[in-house]
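Take a look at the letters that make up each chain.
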Amino acid sequence: AQSVTQLGSHVSVSEGALVLLRCNYSSSVPPYLFWYVQYPNQGLQLLLKYTSAATLVKGINGFEAEFKKSETSFHLTKPSAHMSDAAEYFCAVSERSSGSARQLTFGSGTQLTVLP
Amino acid sequence: DGGITQSPKYLFRKEGQNVTLSCEQNLNHDAMYWYRQDPGQGLRLIYYSQIVNDFQKGDIAEGYSVSREKKESFPLTVTSAQKNPTAFYLCASRGGGVNEQFFGPGTRLTVL
């Protein structure tokens, strides 16, 4: 069974500081990995995804994540936080086997606060 | 514009009533999913459908029902058997050969 752990339910950073949101996964085989962002009372928007190409994945809004198989991690980073980055962020994992329903298993989320 | 629509955005229900949440997509996606979101718990899968006229239970299907009569539509019924239905409900879809799911804007259900 797959699982995702997001370390830190709340993270606060100053505007212009580095953003680091942590995600560790558990899976018997290398999975597909995703980061989604959610603004209040809205749906989820895909930030980036890892599907076994480059291990360093670049996404929208200046975010990137690095897949580290040895550490079973897929941490999300952004060099300089902006006020508009304040939101909830979800890491998710799905199977890569063909024919599967590609169900997503989500972490519990990290609420990012950006301080002026 | 292609996308996923959910209606209504806010829904209020009295205890003991069934209520149906709408989810429509014009992305021509085969797979559709329903999730429930509670504070601090992330998203949990209720039901999913990979093709018309077929659907499977997710992790928390008890008290919910779905149908998939058309490719574009995947309505979710919250029945009176669901003991704690107040939550934010999200619908998603995924196309063939694509790994990520695309989400609708959600419906917030409150039981009075």
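Residues numbered from 1 in each chain as written. Chains lettered and ligands numbered in written order. Predicted model: local features only at pLDDT ≥ 70, side-chain atom pairs only at ≥ 80, totals over all residues. Heavy atoms only, no water.

Q: How would you explain the overall build of chain B if you had to name every residue and give the values?
A: Across its full length, chain B holds zero helices and 11 strands. Seen in sequence order, chain B has helices and strands lined up from the N terminus as β-β-β-β-β-β-β-β-β-β-β. The C-alpha radius of gyration computed for chain B amounts to 13 Å, which stays within 12% of the reference 13 Å derived for 112 residues, consistent with globular compactness. Summarising its shape, the C-alpha atoms of chain B cover approximately 40 × 25 × 25 Å along the three principal directions. Counting only residues that meet the buried cut, chain B has 51% of its 112 residues in that class. If you take every contact in chain B between residues at least 6 apart in sequence, the share linking residues at least 24 apart comes to 53%. Carbon and sulfur atoms make up 47% of the accessible area of chain B, which amounts to about 5400 Å² in all. Side-chain charges of chain B comprise 12 positive and 11 negative groups, with the mean position of each set lying 6 Å from the other. (Helix = DSSP H or I, 4+ residues; strand = E, 2+ residues; numbered from the N terminus. Rg over C-alpha atoms; globule rule 2.2 N^0.38 Å. Buried < 20%, exposed > 50% of the residue type's maximum accessible area, 1.4 Å probe, protein only. Contact = heavy atoms within 4.5 Å. Areas by Shrake-Rupley, 256 points an atom, 1.4 Å probe, with all protein chains shown as cover. Lys, Arg positive; Asp, Glu negative; His and termini not counted. Charge placed at Lys NZ, Arg CZ, Asp CG, Glu CD.)

Q: Hey, could you go over the sheet that holds strand S8 (residues 73–78) of chain A for me, with residue numbers and the actual values?
A: Through backbone hydrogen bonds, the strands of a sheet pair up, either in parallel or in antiparallel fashion. Residues and elements named next belong to chain A. Judged by pairing direction, the sheet is antiparallel, and its five strands sit side by side in the order S1-S3-S8-S7-S6 without closing on themselves. The sheet terminates laterally at strand S1 (3–7) and strand S6 (56–58), the two strands that pair on one side only. Within this sheet the neighbouring strands show an average axis-to-axis angle of 20°, counted without direction. Direction of pairing for strand S7 (residues 64–68) relative to S8: antiparallel, over a ladder of five bridges. The partner of Lys 68 across the bridge, within S8, is Ser 73. (Pairing = 2+ DSSP bridges. Axes fitted to C-alpha atoms, helices over the stretch in contact; angles between N-to-C directions.)

Q: Lay out the packing of aromatic side chains with the relevant residues and their values.
A: Residues and elements named next belong to chain A. Counting across every chain of the model gives 15 aromatic pairs over all chains. Ring geometry for Phe 63 against Tyr 89: centres 5.5 Å apart, planes inclined by 45°, an arrangement best described as tilted. Taken together, the residues span a long stretch of sequence, with Phe 63 in the loop between S6 and S7 and Tyr 89 in strand S9 (residues 87–94) at a distance of 26 residues. For the pair Phe 63 and Tyr 89, a shared accessibility class is recorded, and that class is buried. (Phe/Tyr/Trp six-rings, centres within 6.5 Å; stacked < 30°, edge-to-face > 60°.)

Q: Please provide a residue-by-residue account of the nonpolar core, values included.
A: Judged by nonpolar contacts, the single largest core of 26 residues is most densely connected at Trp35(A), Leu48(A), Leu76(A) and Tyr89(A). For this core, the elements supplying multiple residues, two or more each, are strand S2 (10–14), strand S3 (19–26), strand S4 (32–38), strand S5 (44–50), S7, S8, S9 and strand S11 (110–115) of chain A. Those residues within four positions of Tyr89(A) in sequence are excluded, and the remaining contacts are Gln6(A), Leu21(A), Trp35(A), Tyr36(A), Val37(A), Leu47(A), Phe63(A), Leu76(A), Gly109(A), Thr110(A) and Leu112(A). In this structure, Tyr47(B), Tyr64(B), Ala87(B) and Tyr89(B) belong to the second largest nonpolar core, which totals 20 residues. (Core = buried A, V, L, I, M, F, W, Y, C linked by side-chain atoms within 4.5 Å.)

Q: With reference to specific residues and values, describe a nonpolar patch on the surface.
A: Among the surface-exposed residues, Tyr10(B), Phe12(B) and Leu112(B) lie close enough to one another that they form a single nonpolar patch of about 370 Å² accessible area. Within the secondary structure layout, Phe12(B) lies in strand S2 (residues 10–13). (Patch = residues over 30% accessible without salt bridge, like charges linked within 9 Å, V, L, I, M, F, W, Y side chains within 5 Å. Salt bridge = Lys/Arg side-chain N within 4 Å of Asp/Glu carboxyl O.)

Q: Mind laying out the pattern of salt bridges, listing which residues take part and the relevant values?
A: This model, assessed by the stated rule, comprises six salt bridges over all chains. For Glu64(A), the salt bridge is made with Lys58(A), and the minimal N-O distance between the two is 2.8 Å. Judged by its relative accessible area of 24%, Glu64(A) falls in the partly exposed class. Look at the salt bridges and you will find they share partners, linking Arg36(B), Asp38(B) and Arg44(B) into a network.

Q: For the side chain of Ser49(B), give the residues involved together with the corresponding values.
A: Residues and elements named next belong to chain B. On the secondary structure map, Ser 49 appears in strand S5 (residues 43–51). On the accessibility criterion, Ser 49 (1% relative accessible area) is buried. If sequence neighbours within four positions are ignored, Ser 49 has contacts with Asp 30, Ala 31, Met 32, Asp 54, Phe 55, Arg 68 and Phe 74.

Q: If you had to explain the sheet that holds strand S1 (residues 4–7) of chain B to someone new, which residues and values would you point to?
A: Residue and element names in this part refer to chain B. Strand order in this open sheet of four strands is S1-S3-S8-S7, and the pairing throughout is antiparallel. Edge positions in the sheet fall to S1 and strand S7 (64–66), since each of these pairs with one other strand and no more. Across this sheet, the average inter-strand angle for adjacent strands is 20°, counted without regard to direction. Both S1 and strand S3 (residues 19–25) contribute to a ladder of four bridges, which runs antiparallel. Each residue of the ladder has a partner; that of Ile 4, found in S3, is Gln 25.

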